[in-house]
Amino acid sequence: MTAPFLAAARGETPSHTPIWIMRQAGRYLPEYRETRKQAGGFQEMTHTPDLATEVTLQPIRRFGMDAAILFSDIMTPLEGMGIDLRFAPGPVIDNPIRSVADVERLRPLEPEEGVPFVLETCRNLSRELPESVPLIGFAGAPFTLLCYLIEGHGTKSFVQARSFLRSELDATRLLLDKLAHAQALYLEAQARAGARALMIFDSWVGLLDAPTFRALERPAIARILEHLRPLGVPLMYFPNQGGHLHAEVAGLDADVIGVDWRIPLEDADEAMGGEFTLQGNLDPSILMAPPEALLTAADSVLDAGRSLKRGHVFNLGHGIDKSTDPDQVARLVDHVHAAPVRSSEAGA
Ligand code: 1CP
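Our subject in this report is the structure included herewith.

Definitions and limits used
Residues numbered from 1 in each chain as written. Predicted model: local features only at pLDDT ≥ 70, side-chain atom pairs only at ≥ 80, totals over all residues. Heavy atoms only, no water. Pairing = 2+ DSSP bridges. Helix = DSSP H or I, 4+ residues; strand = E, 2+ residues; numbered from the N terminus. Core = buried A, V, L, I, M, F, W, Y, C linked by side-chain atoms within 4.5 Å. Buried < 20%, exposed > 50% of the residue type's maximum accessible area, 1.4 Å probe, protein only. Contact = heavy atoms within 4.5 Å. Near = heavy atom within 4 Å. Polar contact = N/O pair within 3.5 Å; in protein donor to acceptor, adjacent residues only side chain to side chain. Areas by Shrake-Rupley, 256 points an atom, 1.4 Å probe, with all protein chains shown as cover. Nonpolar A, V, L, I, M, F, W, Y, C, P; charged D, E, K, R; others polar. Arc of directions from axis to C-beta. Phe/Tyr/Trp six-rings, centres within 6.5 Å; stacked < 30°, edge-to-face > 60°. Lys NZ or Arg CZ within 6 Å of the ring centre and 35° of its normal.

1. Notes on the sheet that holds strand β7 (residues 256-258)
Alright, step 1. Strand order in this open sheet of 7 strands is β1-β4-β5-β6-β7-β8-β9, and the pairing throughout is parallel. Each edge of the open sheet is held by one strand with a lone partner, namely β1 (68-69) and β9 (311-316).
Alright, step 2. As paired elements, strand β5 (residues 197-202) and strand β6 (residues 235-239) share 5 bridges and run parallel to each other. Across the sheet, residue Met 199 finds its bridge partner in β6, namely Met 236.

As C-alpha cells, then:
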C-alpha cells in the first residue's frame, strides 16, 4: 500500500489523512532538549548524522507522524558555498552580502563535498524509517535565502534585503540564479540519498508584491522544479504568507503547495485552479487552546481538506511554537488519523 503521505501528494486517495508538522523536531519536545544539551547546540546536531537522525525520528516515535522531515536548516547548505554561519538561536552571518563582488565570491555548491553530513543523515534515515513514513528533504527558496544572506539575521521586514533588490538589480538576479542552481543540486542530492519528497520553504516571499514575484522569484522556483521533476518524487513549495501570490503560483510544476493559516484552504484551491494537493493550515496557536477547541478547529481544516479538488496533507500553517504541550500534538495526530478520509469523488 502506498504511504498515505505519498498517496495524498500524488492526488490519490490515502488510507487516512496524512499529517506531519513543520518544526516537528524541536524545542517543544523534552527528548529534543535533552539531545541538544548533550550535543552542545543546534549546529552541532545538524553536523552530526547520528544526532540529526535521532532528533528526526523523535516525533515519529512519539506521535506516529506520516512523514519525517530531515533535521537541518535552510541555511545549512550555504556553509558549503563559503558562508560563515552561526545560530543564536536563528541564523547569523557576521559578514553578510552587501555588493556584487560579495555575490561573485559565493562558491558553487558541491553537495557531497560541501555538506556530506546532511547526505549521510538522509542515508541513515532512509534505512531507519518504515516504508509508510517517507523522508522529506528540503531547501530554502532563493528569495528567502537572499533575505538572510543580505540582512545577516532574521528581522520582520528585511529592509536591507529589499533595498538591495531595488538598487542592485543585476546583483540580485545573479544571486537568485546562483542560489537556485545550488538548491536544485542540493535537493537532488538529498533525493539520491533517500529523501522521498522534496520541499522548498519560501518563508519570506510574502514580502514581495505579485509583479516582483513574477519577475524574480517565480522563475527561480520554476528552474528548481524543472531540475527536480525527472527524479520522480513529489515536489512541494511553501510560499508563506503568499495568499496574494496564489494566482502566480498556479502553473508551477509542483505537486503540493503549503498554505499558511491566514487563507482558507478552499480559497487557496480556487485561486490556484485546484491543480495541487494542499498542505496545511491549522493556526499553530490553536495548540494552546483547550482540547475541545483544538479538535473543533482541526475538524474545520479536515472539512476544508475533503473539499479540495486534488488532495490534502494536514499540517500547521507554520512551524510549531516551542511552548506547545506535546500532549496537544498527540491529541491532534490521533484525531486526524481517526477522521473519515475524503472520498475519491471529492471535489469532482
Ligand atoms: O534548537 C534550536 O535552538 C534551534 C531552533 C531551530 C530548529 C529546530 C532552527 C534555527 N532551525 C531548526 C530546524 C529547522 N529549520 C527545520 C527542521 C525540520 C523540522 O521542521 O522539524 C526546518 C525545516 C527549518 C527551516 C527553516 N529555518 C526555515 C523555513 C521554515 C520556516 O519556519 O519558515 C527558516 C525561516 C529557518 C531559519 C531559522 N532557523 C532557526 C530559526 C530560529 C530560524 C528563524 C529565524 C528568524 O528568521 O527569526
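2. Thoughts on the nonpolar core
Alright, step 1. Counting 126 residues, the largest nonpolar core has Trp 20 and Leu 332 as the members making the most contacts within it.
Alright, step 2. Discounting residues that sit within four places of it in the chain, Trp 20 has contacts with Phe 5, Met 65, Ala 67, Ile 69, Ile 136, Met 199, Met 236, Gln 279, Val 313, Phe 314 and Asn 315.

3. Remarks on the site of the ligand
Alright, step 1. Looking at the ligand, there are 25 residues lining it, with Tyr 32, Arg 36, Tyr 148, Ser 203 and His 318 nearest.
Alright, step 2. Take Gln 24: an N or O atom from its main chain is 3.1 Å from an oxygen atom of the ligand.
Alright, step 3. Isolated, the ligand exposes 900 Å² of accessible area, and the fraction of that covered by the protein chains is 88%.
Alright, step 4. Looking at side-chain class alone, the shell around the ligand contains 15 nonpolar, 6 polar and 4 charged residues.

4. Section: helix α9 (residues 159-167)
Alright, step 1. Buried residues of α9: Ala 161, Phe 164 and Leu 165, and no others. Seen along its axis, α9 keeps its buried residues to an arc of 100 degrees; they face one direction. Turned more than 90 degrees away from the buried face of α9 sit Arg 166 and Ser 167, all of them exposed.

5. Describing the packing of aromatic side chains
Alright, step 1. Scanning the model with the defined rule gives 7 aromatic pairs in all.
Alright, step 2. Ring centres of Phe 42 and Phe 87 lie 4.7 Å apart, and the angle between their planes is 70 degrees; on these two criteria the pair is classed as edge-to-face. With Phe 42 in helix α3 (residues 42-47) and Phe 87 in strand β2 (residues 86-87), this residue pair connects regions lying 45 residues apart in the sequence.
Alright, step 3. The exposure class of Phe 87 is buried, given its relative accessible area of 18%.
Alright, step 4. Taken together, the ring pairs connect Tyr 32, Phe 42, Phe 71 and Phe 87 into an aromatic cluster.
Alright, step 5. Positioned above the aromatic ring of Trp 261 is the side chain of Arg 262, whose terminal nitrogen or guanidinium carbon lies 4.0 Å from the ring centre.

Spatial relationships are all this shows, so hold off on functional conclusions.
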